[in-house]
Amino acid sequence: EKRVYNLITLYSGILIIFVIGPANFQLQLPWYAQILNLCFGLFSLICFFVSFSNNKQFVKTFVILSLFFADSIWFANGGSLGTIILFLGIHMIYSAILMRGKFRFYLSLFNICNALTLLVIEKNFPNSITQYSSNDERFYDLLVGYGIVGFSLYLIVNLVMKNYERERRELKEQNKVLEELSLKDHLT
């Protein structure tokens, strides 16, 4: 969990500041989206450095603020026609990985309700969404977004699978030792 959290916070911070930020600037998103982008990127990096150096993690705070960030960008970047819907999907995945117990369940429900609410708001108040000014602008955003989401999914799944395989290997070794102990008489 700590490795996943560190990966997500470091990757999010670097990606938001150095890739998504310039892309959003190129797309000429509203000023508040640019500021939110920078603030969340810096917050992500701070979460990483605190976790890496002090071993303290602000998982719930990070997950909730990242959802707030995604919701804000929804209105500034094309709504359901933009790439933020992909990031909401990624948010659901890493929320499920990082959270435990009832909080995971309730956050998953909240994530689904949040996405549905955004779609309903977009349907009923279409002027609340900043639309793309051209097909080229939308293509550029989709190109960057799909590239980022694809690589993000690869990193998350790769890290989770490595941990799973390592734990599975350790469990097999422990079972082998227990099996040998069960077959041998320690007195003879």
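Residues numbered from 1 in each chain as written. Predicted model: local features only at pLDDT ≥ 70, side-chain atom pairs only at ≥ 80, totals over all residues. Heavy atoms only, no water.

**Focus on empty space enclosed by the protein**
Phase 1 of the analysis: For the structure on display, the rule yields one cavity of 30 Å³ or more.
Phase 2 of the analysis: Of the volumes computed, that of the largest cavity is approximately 450 Å³.
Phase 3 of the analysis: Forming the walls of the largest cavity are 29 residues, and the residues nearest its centre are Ser12, Ile16, Ile20, Phe69 and Phe87.
Phase 4 of the analysis: Of all elements in the fold, only helix H1 (2–26), helix H2 (31–54), helix H3 (59–76), helix H4 (84–98) and helix H6 (135–183) reach the threshold of two or more residues within the lining of the largest cavity.
Phase 5 of the analysis: Top element by residues in the lining of the largest cavity is H1. It accounts for nine residues.
Phase 6 of the analysis: When grouped by side-chain class, the residues that make up the lining of the largest cavity number 19 nonpolar, nine polar and one charged. (1 Å grid on protein atoms, 1.4 Å probe; cavity = no way out; pocket = protein on both sides within 12 Å on 5 of 7 lines; lining within 4 Å. Points joined across faces, edges and corners; volume = space filled by probe spheres on them. Helix = DSSP H or I, 4+ residues; strand = E, 2+ residues; numbered from the N terminus. Nonpolar A, V, L, I, M, F, W, Y, C, P; charged D, E, K, R; others polar.)

**With respect to the packing of H4 against helix H5 (residues 101–124)**
Phase 1 of the analysis: Relative to each other, H4 and H5 sit at 175 degrees, their axes nearing to 10 Å. Taken together, the axis directions place H4 and H5 in an arrangement best described as roughly antiparallel. Residue-level contacts link Leu88, His91, Met92, Ser95 and Ala96 of H4 to Arg104, Leu107, Asn111, Ile112, Asn114, Ala115 and Leu118 of H5.
Phase 2 of the analysis: Taken together, the residues that form the contact of H4 with H5 break down as seven nonpolar, four polar and one charged. (Axes fitted to C-alpha atoms, helices over the stretch in contact; angles between N-to-C directions. Parallel < 35°, antiparallel > 145°, perpendicular 65-115°, else oblique. Contact = heavy atoms within 4.5 Å.)

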